[in-house]
Amino acid sequence: MDPQSSPFLSIVIPIFNEEENIPVLWERLSRVLAEHFADPAHSWEVIFTDDGSRDRSLPMLVDIARAEPRVRVVEFNRNYGQHSAIFGAFAEVRGQVVVTLDADLQNPPEEIPKLVAKVEEGFDVVGGWRQGRTDNDSFFRTMPSKIVNAVTRKTTGVKLHDYGCMLRAYSREVVDAMLLCKERSSFIPALANSFARRITEVPVAHAERAAGESKYGVWKLINLQFDLLTSFSLLPLQMLSVFGVFTAGIGFLLFLGLVAYRFLHPEGTAQGVFTLFAILFFFVGCQFVAFGLLGEYIGRIYQEVRDRPRYMVRKVHQQK
Ligand code: UDP
Ligand code: MG
């Protein structure tokens, strides 16, 4: 059998406007692959997804694929986001072990052998756990990730330190299971964990973004967080009812209190109006939060029932 047709290791890299990073990324990655995965039992392939880049990323990737038969490039017709890009590459992988990493060199390719070794040990999912995340990532970038991590730990029930790190390795079975998931709003690390039996984390180095800017603004992150929350748990919906019961209880106690106050101080003035307003505003606010939350779920249901494809592949570039 041609070992090339089914390699041992598949590396998956989503690319969105990363022209400054691609040369160094490819140089470091191919060095690691040459050093650690040279023997035929550890053959490899690399799959880049060009997620609708508007810079020179695509031609650069195609050049790499022309020179190296083990590299393929999945070209999307427009930008669909990081997780869709990874899915686009997942659909192409043929390896037994699948590693994902970011293109911006925040995930050092040198850590790949460590993750692969863990999968060979029998783990289904190996997450990278970024060490020393005190880099120049702005406050607005690290703060939301902290919240994302904390909420994810709660909603998915799997205690990992770092859900945001995309330097991760999966066994083939887990990737196949994820490909069966048709939902659009998926957050790969959490999805993978829901199919894995043995999960572990290894500490990995974390660097500053080598060049260019983070492709995630606060808004994209908020969206990601809602994806996570709504696709992996009904907890927020259940919290609504818990909160409803709780506030109704408080309201009732308050009512009793007011009645008692009336009887004790029949001459009391109408100061209570302001208190009432305060309470009213609070509850109206809560109601809007609740409506918003319901809206998030309904919006997502709407998106799912339309059943649009998650992404469109224009072409897969590879050497003949
Ligand atoms: N990315 C992508 N599509 C997007 C946004 C990002 O393919 O719409 C890729 C990007 O090129 C990079 C990875 O996803 O390889 C992580 O992006 P980024 O570094 O901007 O995210 P951050 O490190 O800020 O989480
Ligand atoms: Mg990054």
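Presented here is a report on the structure given in the accompanying data block. The written sequence of each chain sets the order in which its residues are numbered from 1. All chains are assigned letters beginning at A, and all ligands numbers beginning at 1, according to the order in which they are written. For this predicted model, a pLDDT threshold of at least 70 governs which residues receive local features, and a threshold of 80 or more governs which side-chain atom pairs are given and counted, while totals over whole chains, interfaces and linings are taken from all residues. Side-chain metrics rest on all non-hydrogen atoms present in the structure, leaving aside hydrogens and water.

Digging into the nonpolar core
Now for step 1: Nonpolar core, defined: a set of buried Ala, Val, Leu, Ile, Met, Phe, Trp, Tyr and Cys residues in which side-chain atoms within 4.5 Å join the residues together. Only protein chains enter the accessibility calculation, which uses a 1.4 Å probe; a residue is then buried when its area is under 20% of its type maximum, exposed when over 50%, and partly exposed in between. Counting 38 residues, the largest nonpolar core has Leu9, Ile11, Ile13, Val46, Phe48 and Ile112 as its most contacted members.
Now for step 2: Secondary structure follows DSSP: runs of H or I at least 4 residues long count as helices, runs of E at least 2 residues long count as strands, and numbering of each begins at the N terminus. Taken together, the elements giving at least two residues each to this core come down to strand E1 (9–15), helix H1 (22–36), strand E2 (44–50), helix H2 (57–67), strand E3 (71–76), strand E4 (97–100), helix H4 (112–121) and strand E7 (199–204).
Now for step 3: Tallying contributions element by element places H2 first for this core, with six residues.
Now for step 4: When checking whether two residues touch, look at their non-hydrogen atoms; a contact exists if any pair is within 4.5 Å. Ignoring anything within four residues of it in the chain, the contact list for Ile11 reads Leu29, Leu33, Glu45, Val46, Ile47, Val99, Leu101 and Ile112.
Now for step 5: Within the second largest apolar cluster, 33 residues are counted, among which are Tyr163, Val175, Phe187 and Leu191.

Notes on the coordination of the magnesium ion (ligand 2)
Now for step 1: With water omitted from the atoms examined, metal sites may look incomplete; donors here are N, O and S atoms no farther than 2.8 Å from the metal, or 3.2 Å in the case of Na, K and Ca. Within the protein, the atoms that donate to the magnesium ion (ligand 2) are Asp104 (OD) and Gln106 (OE1), at distances of 1.8 Å.
Now for step 2: Judged by its relative accessible area of 4%, Asp104 falls in the buried class.
Now for step 3: Classification of Gln106 as buried rests on a relative accessible area of 12%.

Describing the environment of Ala89
Now for step 1: Along the polypeptide, Ala89 turns up in helix H3 (residues 82–90).
Now for step 2: The exposure class assigned to Ala89 is buried, which follows from its relative accessible area of 0%.
Now for step 3: Taking the C-alpha atoms as reference points, Ala89 and Val73, 16 residues apart in sequence, are found 8.4 Å from one another.
Now for step 4: Apart from residues no more than four positions distant in its own chain, Ala89 is found in contact with Val12, Ile47 and Thr49.

Considerations on the packing of H1 against H2
Now for step 1: For helices, the axis comes from a line fit to the C-alpha atoms of the stretch in contact; other axes are also lines fit to C-alpha atoms, and the angle between any two N-to-C directions lies between 0 and 180 degrees. Packing of H1 against H2 leaves a shortest axis separation of 11 Å and a crossing angle of 25°. It follows that H1 is roughly parallel to H2 by the angle criterion. At the point where H1 passes H2, the crossing takes the right-handed sense. Contacts between H1 and H2 involve Ile22, Pro23 and Trp26 from the former and Ser57, Met60, Leu61 and Ile64 from the latter. In this scheme, roughly parallel covers angles under 35 degrees and roughly antiparallel covers those over 145, while 65 to 115 is roughly perpendicular and the rest are oblique. Handedness of a helix crossing follows the sense of rotation of the near helix relative to the far helix, less than a right angle counterclockwise being left-handed and clockwise being right-handed.

Quick word on the pattern of salt bridges
Now for step 1: We define a salt bridge as a side-chain nitrogen of Lys or Arg found within 4 Å of a carboxyl oxygen belonging to Asp or Glu. With the rule as written, the count across this model stands at 17 salt bridges.
Now for step 2: For Arg28, the salt bridge goes to Glu110, with nearest N and O atoms at 2.8 Å. Within this pair, whereas Arg28 is found in helix H1, its partner Glu110 is found in the loop between E4 and H4, the two being separated by 82 residues in sequence.
Now for step 3: When the shortest N-O distance is used, the salt bridge between Asp63 and Arg66 registers 3.3 Å. Of the two residues, Asp63 and Arg66 are both situated in helix H2; the distance of three residues between them amounts to about one turn of the helix.
Now for step 4: The exposed category is assigned to Arg66, whose relative accessible area is 56%.

Comments concerning the site of ligand 1
Now for step 1: Proximity criterion: a residue is near a molecule or strand once any of its heavy atoms comes within 4 Å of it. Near ligand 1 lie 18 residues; those nearest to it are Asp51, Asp104, Arg141, Ser214 and Lys215.
Now for step 2: Between N or O atoms, a polar contact is any pair within 3.5 Å; within protein, one atom must be a potential hydrogen donor and the other a potential acceptor, and residues adjacent in sequence are included only when both atoms are from side chains. With respect to ligand 1, the side chain of Lys220 contributes an N or O atom lying 3.1 Å from an oxygen atom.
Now for step 3: Accessible areas in this description were obtained via Shrake-Rupley with a 1.4 Å probe; residue shielding takes into account the shown protein chains only. With the chains in place, 95% of the 530 Å² that ligand 1 exposes on its own is no longer accessible.
Now for step 4: Across the shell around ligand 1, the residue classes break down as five nonpolar, five polar and eight charged. Three residue categories are used. Nonpolar comprises Ala, Val, Leu, Ile, Met, Phe, Trp, Tyr, Cys and Pro, charged comprises Asp, Glu, Lys and Arg, and polar comprises the others, including Gly.

A look at the side chain of Asp50
Now for step 1: Along the polypeptide, Asp50 turns up in strand E2.
Now for step 2: Counting rule for charge: Lys and Arg are taken as positive, Asp and Glu as negative, and neither His nor the chain ends is counted. Of the side chains bearing the opposite charge, Arg314 lies closest to the buried Asp50, which forms no salt bridge; the N-O distance is 7.1 Å.
Now for step 3: Dropping the residues within four chain positions of it, Asp50 is found in contact with Ile15, Ser57, Leu58, Leu61, Val74, Glu75 and Phe76.

Overview of the pairing of strand E6 (residues 168–171)
Now for step 1: Of the two faces of E6, the one carrying Arg168 and Tyr170 and the one carrying Ala169 and Ser171 are both buried.
Now for step 2: Pairing of E4 with E6 involves four bridges; the strand directions are antiparallel. Within E6, the position partnered with Val97 by the bridge is Ser171.
Now for step 3: By the bridge criterion, three bridges tie strand E5 (residues 125–130) to E6 in an arrangement that is antiparallel. Considered in E6, the bridge of Val126 is made with Ala169. In this scheme, strands are said to pair when DSSP sees at least two bridges between them.

None of the figures reported here should be taken as evidence of function without further support.
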